[in-house]
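Report on the structure
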Amino acid sequence: MSMYAMPLYEVKCHEADEWMEISDLELMDQLYRTYKKVTPAIKEMIMGKEVKTPYAVYRLKLKGGEHGGE
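Residues numbered from 1 in each chain as written. Predicted model: local features only at pLDDT ≥ 70, side-chain atom pairs only at ≥ 80, totals over all residues. Heavy atoms only, no water.

**Some thoughts on the overall build of the protein chain**
What the protein chain contains, in helices and strands, is two helices and four strands. The linear arrangement of helices and strands in the protein chain, starting from the amino end, is β-β-α-α-β-β. In the protein chain, which comprises 70 residues, the proportion classed as buried is 27%. Restricting the contact set of the protein chain to residue pairs at least 6 apart, pairs at least 24 apart contribute 43%. (Helix = DSSP H or I, 4+ residues; strand = E, 2+ residues; numbered from the N terminus. Buried < 20%, exposed > 50% of the residue type's maximum accessible area, 1.4 Å probe, protein only. Contact = heavy atoms within 4.5 Å.)

Following this line, the structure appears as structure tokens:
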């Protein structure tokens, strides 16, 4: 049987210096507070971009790699 891992996400509050791992449910909750449609924001993250909200920045967590903006 094949096992698939769910994507992991990270958040950095505007006043913080470090990224923290969050669950997909936490991500969805925060994105729904800002965007009417979250699918375009998630597509941006899949393409390697960061999604900014008034409270924080969100991104897809890369495993074993570096983020381009760092």
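Here the narrative resumes, following the displayed structure.
**So, the sheet that holds strand β1 (residues 9-13)**
As summarised here, the arrangement of the four strands in space is β2-β1-β4-β3, forming an open sheet in which the pairing is antiparallel. The open sheet terminates on both sides in strands that have one partner only, identified here as β2 (20-22) and β3 (51-52). Along the sheet, helix α2 (residues 39-46) makes contact with β1, β3 and β4 (56-60), crossing β4 at roughly 60°. (Pairing = 2+ DSSP bridges. Axes fitted to C-alpha atoms, helices over the stretch in contact; angles between N-to-C directions.)

**Quick look at the nonpolar core**
Counting residues in each nonpolar core, the largest one holds 13 residues, and the members touching the most others are Tyr-9, Ile-22, Leu-27, Leu-31, Ile-42, Met-45 and Tyr-58. Excluding residues that lie within four positions of it along the chain, Tyr-9 makes contacts with Met-20, Glu-21, Ile-22, Asp-24, Leu-27, Ile-42, Met-45, Arg-59, Leu-60 and Lys-61. (Core = buried A, V, L, I, M, F, W, Y, C linked by side-chain atoms within 4.5 Å.)

**Comments concerning the pairing of β4**
β4 sits mainly inside the fold: five of its five residues count as buried. Residues Ala-56, Tyr-58 and Leu-60 point to one face of β4 and Val-57 and Arg-59 to the other, with burial holding for every one of them. As paired elements, β1 and β4 share five bridges and run antiparallel to each other. Pairing of Val-11 across the sheet is with Tyr-58, part of β4.

Limitation: the analysis is restricted to geometry and does not speak to function.
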